Amino acid sequence: MEDSGKSSLHVESSAAEGGHFKLPVDSEQKATEFWLFSFAKPHMQAFHLSWFSFFCCFVSTFAAPPLLPVIRDNLNLTTTDIGNAGIASVSGAVFARVAMGTACDLVGPRLASASLTLLTAPAVYFTSVINSASSYLLVRFFTGFSLASFVSTQFWMSSMFSPPVVGVANGIAGGWGNLGGGATQLIMPLVYDLIHHIGSTSFTAWRIAFFIPGFMQTVSAIAVLALGQDLPNGNYRKLEKAGDKHKDSFRKVFYHGVTNYRGWILALTYGYCFGVELTIDNIIAEYFYDKFNVNLRTAGIIAASFGMANIISRPGGGLLSDWMSRRHGMRGRLWSLWVVQITGGVLCIVMGRMNNLGASIIVMILFSFFVQAACGLTFGVVPFVSRRSLGLISGMTGGGGNVGAVITQLIFFKGSKYSKETGITLMGVMILCCTLPITLIYFPQWGGLFCGPRPKATAEDYYAAEWSEDEKERGYHSASVKFAENSVREGGRKRDSSPAVPADDTPSHA
Amino acid sequence: MATAPLLRLVLVVSCIGSSMAVLFSGLPNTLTVTASPAAGQVLHAGVDQIKVSWKLNESTPASADSGYKKVKVLLCYAPVSQVDRGWRKTDDHLKKDKTCQFKVTTQPYSSGGGGSFVYSVERKIPTGTYFVRAYALDSGDTEVAYGQTTNAGKTANLFDVVGITGRHASLDVAAGCFSAFSILALVFFFVVEKRKAKK
């Protein structure tokens, strides 16, 4: 059995390239260590390319909200128009994320993410020529599709990094990408101010400002295409041609993804950590501008601090997930996810009740840490739900995040039915309710929140069950077998010594 | 309406000064304000002008304006432009009121006589329906009286402004070029990829 210890420089030369890597790797050539400040090919280079292009997509998707005080006057928007566009901005990515997951499974994360990013860049450029509420809604809708690149980020990290560090890799890549939602609240008002100062009128200055996120998106996608690589040993097309990688069928991947109930539960709960984060990105600048009468730049700075917490909060979630896994295995990952997300919900309720600017900011920052850490913790669990349909499960979960954002904005932030502060409090209540299903997630080989693992259930059985006997005979499932070996640590420290607790309410997994 | 108690209120307010919250409902309507646009006229931002003139009401005693030092004239949103737009809400507390967001002019008040000003509609004025309001300020810059071109219900004598679009042909062209470049870059890489896989 493969020892997934950190210092093993065990490299199997099963693939063509010669297999010499700077980082230590496991039997699938995935890195077992994460060196943040390195650009070593292919692992760390993939990391930096993917988080940065995802960051640019976030900057573009949320570029409009901090400039709304100007845009709403230019286009004569009503609160309803603004609310609808906010919903549109996150709804496109619901299906795009699921589609992206499948695309990654089939053509690889590099092509999938770069295609999406380059195809949505025109929507950003054309934001500068819109002239009505409906065109505003359309550009925000199409720009929002780019948020699907989240899935390729997580997929790419799960392909490049081994289970002991996959949580932290996913967490930092996701977190630093989400950072874009915060950075844009600083960048856009700054760029707008600069252009306005140089001489443009306000209604032209904001239009020019949109070329910045558009350009960033184009450049980052080209970098991914030119420098990136799907797997440690090469790109999908090349490996498939050489026979080193089996080209999977869409139908099978789809079937094994949608029939895994854990994917659906995580989709729902992710809707109430990430979905909430997206909702806040859309409403928070206007909330502070209107409620506390601060100016555009100040509202942007406050709003930015919410998204900026992502530098450490989401990675922190990933780190916590990996750390809990070292001591308590998968059960530790699930417990920490549940506790952190519940805390986020409570803080959200409190935030809506704050009437003092200072207190409001403090609670918001605390809230941001917990809700974003919950996102990181979720993707500490996702890589283990399925190996064959990893992309689709990532896509479903990611898409669920956006569904949460759509539903929340539809119920609480559309039109003038609820004041923004009431909406925020009620959103917190909804977080608490929608986090409960985590208690239902169960892995036969590792256990769930309240139940221990089934005796004699193994990770090999779990992952091999996704392949038919025929496919197993042809060796298509070899990657899954290696993954199962490398996940042995998800059983927790006392895996062999303690008597297995008989599980009473175990739902049979698909 | 008896002017004496109102005058007393004005004096009290101006004595206490800016530390007290000024309510719009507490201000006397002692100024007559007229603006050049006819009711329903459409003006274009950056192009047209508004001539505003103000003077003390004929019915107000001449001594009422002893506290008036300055006149502040503002362009204000009519109710139809405030619907479903919380950032333009009318609030009785003048500090919180967002009805009048554009300053036309601030001038010293000339006792007895009136004043006028020709305002070029700025390019930052958004599309909407408006009226003009003038506040009389005391030496502490606190509002002590007002007058407006419309009635109390803000339904009469309103005019429209059409704002600039902010669009330029150069922006349209640039957007087209950058978009085309992005798509072409993608196509280029796909072609290169296909060629490499063939080898």
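Just above, that's the structure.
Attention here is on the structure that accompanies the text. Note that the structure is a prediction, hence the values are computed from the model and not measured. (Residues numbered from 1 in each chain as written. Chains lettered and ligands numbered in written order. Predicted model: local features only at pLDDT ≥ 70, side-chain atom pairs only at ≥ 80, totals over all residues. Heavy atoms only, no water.)

### A few points about the environment of Ser111 of chain B
Residues and elements named next belong to chain B. Rules: By definition, any uninterrupted DSSP run of H or I lasting at least four residues is a helix, any uninterrupted run of E lasting at least two residues is a strand, and each is numbered from the N terminus. Only protein chains enter the calculation, and the probe is 1.4 Å; a residue is then buried if its accessible area is under 20% of its type maximum, exposed if over 50%, and partly exposed in between.
Mapped onto the secondary structure, Ser111 falls in the loop between β5 (100-108) and β6 (115-120). Its relative accessible area of 62% is what places Ser111 among the exposed residues. Spatially, the C-alpha atoms of Ser111 and Phe188 are 76 Å apart, while their sequence positions differ by 77 residues.

### With respect to the state of the cysteines
Note the cut-off: Any two cysteine sulfur atoms lying within 2.5 Å of each other are counted as a disulfide.
Considering all chains together, one arrives at one disulfide over all chains under this definition. There is a disulfide in this structure between Cys76 of chain B and Cys100 of chain B, and the S-S distance comes to 2.1 Å. Handedness here is read from the sign of the S-S torsion; for Cys76 of chain B and Cys100 of chain B, about 100 degrees, the answer is right-handed. Taken together, the residues span a long stretch of sequence, with Cys76 of chain B in strand β4 (residues 70-77) and Cys100 of chain B in strand β5 at a distance of 24 residues. Looking at the unpaired Cys104 of chain A, the closest cysteine sulfur is the one in Cys57 of chain A, lying at 13 Å. The class for Cys104 of chain A is buried, based on a relative accessible area of 0%. Not engaged in a disulfide, the cysteine Cys273 of chain A finds its nearest cysteine sulfur in Cys375 of chain A; these two sulfurs lie 3.7 Å apart.

### Here's the deal with the interface of chain A and chain B
The extent of an interface is frequently quoted as the accessible surface area lost upon association of the parts. Rule in force here: We call two residues contacting when some pair of their heavy atoms lies within 4.5 Å. Put simply, buried area is the surface a 1.4 Å probe can reach on two separate parts but cannot reach once they are joined, added for both. Note on definitions: salt bridges are taken to be side-chain nitrogens of Lys or Arg within 4 Å of carboxyl oxygens of Asp or Glu.
Between chain A and chain B, the residue contacts involve 42 residues of the former and 35 residues of the latter. Regarding the contact of chain A and chain B, the summed buried area is about 3300 Å², with carbon and sulfur atoms giving 62% of it. Inspection of the region where chain A meets chain B yields two salt bridges. Asp73 of chain A is the partner of Arg88 of chain B in a salt bridge, and the nearest nitrogen-oxygen pair spans 2.7 Å.

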